[in-house]
Amino acid sequence: MKEYVLITVIKGSNRNAGPKAPRDISDILKKTGKVETILLESEQHRDYPLFLQLIQILKQVRLENRKVILQYPLQPFFFFEQQELFAQAYSYLDPDKTVFWVHDVNQIRFAQRSECCAEMEWLKPFSHFIVHNAAMEHYLQKYLPIRTCIQNEVFDYICMTRQEQRAVRHPLNSQPQIVFAGNLLRAKSPFLYELEREKMLFYVNVYGNREELIKNEKICYQGNFNADLLPYRLCGDLGLIWDGALDSTDVNAYKNYTRYNAPHKFSCYMAAGLPVIAWREAAIAEVIRKYQVGYLIDNLYEINDLDLSLYEEYRENARKLGEKVRSGYFTKQVFEQIERLWETI
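On a predicted model such as this, the values are computed, not experimentally measured, just so you know.

**Here's the deal with the sheet that holds strand β4 (residues 98–102)**
Across the sheet, which stays open at both edges, the six strands sit in the order β2-β1-β3-β4-β5-β6 with parallel pairing between neighbours. Because the sheet does not close on itself, it has two edges, and the strands there are β2 (35–41) and β6 (148–151). Strand after strand, the sheet turns through a mean of 20° between neighbouring axes, direction not considered. Examined bridge by bridge, strand β1 (residues 4–10) and β2 share seven bridges and lie parallel to one another. Paired with L6 across the two strands is T37, which belongs to β2. Sitting on the sheet, helix α1 (residues 20–31) is in contact with β1, β2, β3 (67–72) and β4, with an inclination near 155° to β2. Across the sheet, helix α2 (residues 47–63) lies against β1, β2 and β3, angled at about 165° from β2, the strand it touches most.

**Comments concerning the packing of α1 against helix α12 (residues 329–343)**
Packing of α1 against α12 brings their axes to within 10 Å, and their N-to-C directions diverge by 65°. Considering only the axes of α1 and α12, their crossing is right-handed. Between α1, through I25, I28 and L29, and α12, the contact on the second element is made entirely by T331, K332 and F335.

**Focus on the packing of aromatic side chains**
For the structure on display, the rule yields 18 aromatic pairs. When the ring of Y207 is compared with that of F225, the centres are 6.3 Å apart and the planes differ by 45°; the resulting orientation is tilted. With a gap of 18 residues between them, Y207 in strand β8 (residues 203–207) and F225 in the loop between β9 (219–221) and β10 (238–241) connect regions that are remote in the sequence. Among the residues examined, F225 registers a relative accessible area of 26% and is labelled partly exposed. Taking the centre distance of 5.1 Å and the plane angle of 90° together, the rings of Y329 and F330 count as edge-to-face.

**Brief notes about the nonpolar core**
One finds L234 and F266 to be the most contacted residues of the largest nonpolar core, which totals 78 residues. Of the residues forming this core, the biggest block, six residues, is contributed by α12. Grouped together as the second largest cluster of nonpolar side chains are 40 residues, L40, L85, A89 and C149 included.

**Topic: unusual backbone geometry**
The step from Y72 to P73 runs through a cis peptide bond, and the omega angle for that step is 0°. Within the element layout of this structure, P73 appears in the loop between β3 and α3 (83–87). Backbone geometry places H45, a non-glycine residue, at a positive phi of 65°. Its place among the elements puts H45 in the loop between β2 and α2. Judged by relative accessible area, which is 63%, H45 ranks as exposed. A positive phi angle, near 50°, is found at Q292, a position not held by glycine. Checked against the element boundaries, Q292 lands in the loop between α10 (284–291) and β12 (294–297). Take Q292: its relative accessible area is 33%, and that puts it in the partly exposed class.

**A word on the pairing of β4**
Within β4, five of the five residues are buried, which leaves the element mostly enclosed by the surrounding structure. The pairing of β3 with β4 spans five bridges and is classified as parallel. Residue pairing in the sheet places I69 in a bridge with V99 of β4. Across two bridges, the pairing between β4 and strand β5 (residues 128–131) is parallel. Directly across from F100, in β5, lies its bridge partner F129.

**Some thoughts on the layout of surface pockets**
Any space left empty among the atoms is revealed by the rolling of a water-sized probe across them. A volume near 200 Å³ is recorded for the second largest pocket. In terms of lining residues, the second largest pocket is bounded by 13 residues, among which N133, A134, A283, E286 and V287 are the most central. Contributions of two or more residues to the lining of the second largest pocket are made by α6 (134–141) and α10. Counting residues per element, the lining of the second largest pocket draws most heavily on α10, at four residues. In the lining of the second largest pocket, the residues fall into seven nonpolar, three polar and three charged.

**Some thoughts on the sheet that holds β12**
With parallel pairing, six strands are arranged side by side in an open sheet as β9-β8-β7-β10-β11-β12. At either end of the open sheet lies a strand with only one pairing partner, and these are β9 and β12. For this sheet the average axis-to-axis angle between neighbouring strands, irrespective of direction, equals 30°. One ladder, built from three bridges, connects β10 with strand β11 (residues 276–279); its direction is parallel. Bridge assignment links G239 to a residue of β11, and that residue is V276. Across the sheet, α10 is in contact with β11 and β12; its angle to β12 comes to roughly 140°.

The rules behind these values
Once a new chain begins, its residue numbering starts again from 1 and follows that chain's sequence as written. Only residues with pLDDT of at least 70 get local features here, since the model is predicted, and only at 80 or more are side-chain atom pairs given and counted; chain-wide, interface and lining totals rely on the full set of residues. As a convention, hydrogens and water are excluded, and side-chain values are obtained from all of the structure's heavy atoms. Two strands are said to pair when DSSP picks up at least two bridges between them. A helix here means a DSSP run of H or I that spans at least four residues, while a strand means a run of E at least two residues long, and both kinds are numbered starting from the N terminus. Interaxial angles span 0 to 180 degrees and are taken between N-to-C directions of axes, which are lines fitted to C-alpha atoms, for helices over the stretch in contact. Contacts are assigned to residue pairs with any non-hydrogen atoms lying within 4.5 Å of each other. By definition, turning the near helix anticlockwise from the far helix through less than a right angle yields a left-handed crossing, and turning it clockwise yields a right-handed one. Pairing of aromatic side chains here covers Phe, Tyr and the six-membered ring of Trp, requires ring centres within 6.5 Å, and sorts the geometry by plane angle: under 30 degrees stacked, over 60 edge-to-face, intermediate tilted. The classification of residues rests on relative accessible area computed with a 1.4 Å probe and restricted to protein chains. Under 20% of the type maximum is buried, over 50% is exposed, and intermediate values are partly exposed. Among buried residues, those of type Ala, Val, Leu, Ile, Met, Phe, Trp, Tyr and Cys that are joined through side-chain atoms within 4.5 Å constitute a nonpolar core. With a 1 Å grid laid over protein atoms only, a set of points is called a cavity when a 1.4 Å probe fits there but cannot get out and a pocket when it is open yet has protein on both sides within 12 Å along at least five of seven lines; lining residues have an atom within 4 Å of a point. Grid points are joined across faces, edges and corners, and a volume is the space filled by probe spheres set on the points. Three residue categories are used. Nonpolar comprises Ala, Val, Leu, Ile, Met, Phe, Trp, Tyr, Cys and Pro, charged comprises Asp, Glu, Lys and Arg, and polar comprises the others, including Gly.

This is the structure we're talking about:
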């Protein structure tokens, strides 16, 4: 019997980014040989039976006095409606022997949803957390009695295909092609519907579930692919990390969330060896500066004036960081810190 147990509840297919990061963490830790990984997949009309199964697992784990890493938030099929139900499962955990691996803070991400109002109350009994970065840590410290906080920095992105298979082009020879992979809905990515063709000295290739028509002829829909294959289907020069409207005056809740999170699309772009463009005030900006893998802007039309003489340097740095991301480097680093933590408890 292994000392550590990783518990994960995910929903969705591999064409949806939601389960990709938790699934990768589960696979990476399983390969260490030190962690038993329990991964439950939610399905329509099966949330309550899944909840009961989870309770039985947590009871058994506590009876065996084992140490738990729980990937948070759990992902029931009816995500918002069942958060309160699944939160009841946390009462079966031993707070001293549990680390919450935080993927999202719903109180920030979905501030307008009443279902997320009690989130901090659900987490209050616990004091050991893995978070994205310092901004997320400082936010949680306002509400929770945190004793240990490990910063994940970057999510790993495990891929099935070799990076060299992705075609590489040079943006200096023509107007750059920007890649955007993510949620294409107007509510999440209104900038895609606000960009004016006449003002763009660049093209945008978009990937994701096509639910609304983008009429701008310089924005080209490229399809929706399995998350494990997506990095090698991306065609372009620079990956775009952006939520909300065109500029930094936007008050969109999704854009505000980028001040706290490490977006998974950053990991996808690194896995593809693509330098990035991001909002200067986003939390991921610190990572981009640290590893020198891209450009920071306040308005999307600033893409017209990027200093592309830096592009080759950024692309080489992205290639190096991509090797780490594809190998599970950051997850392994976090797990080493978890092991040291439990040696002291």
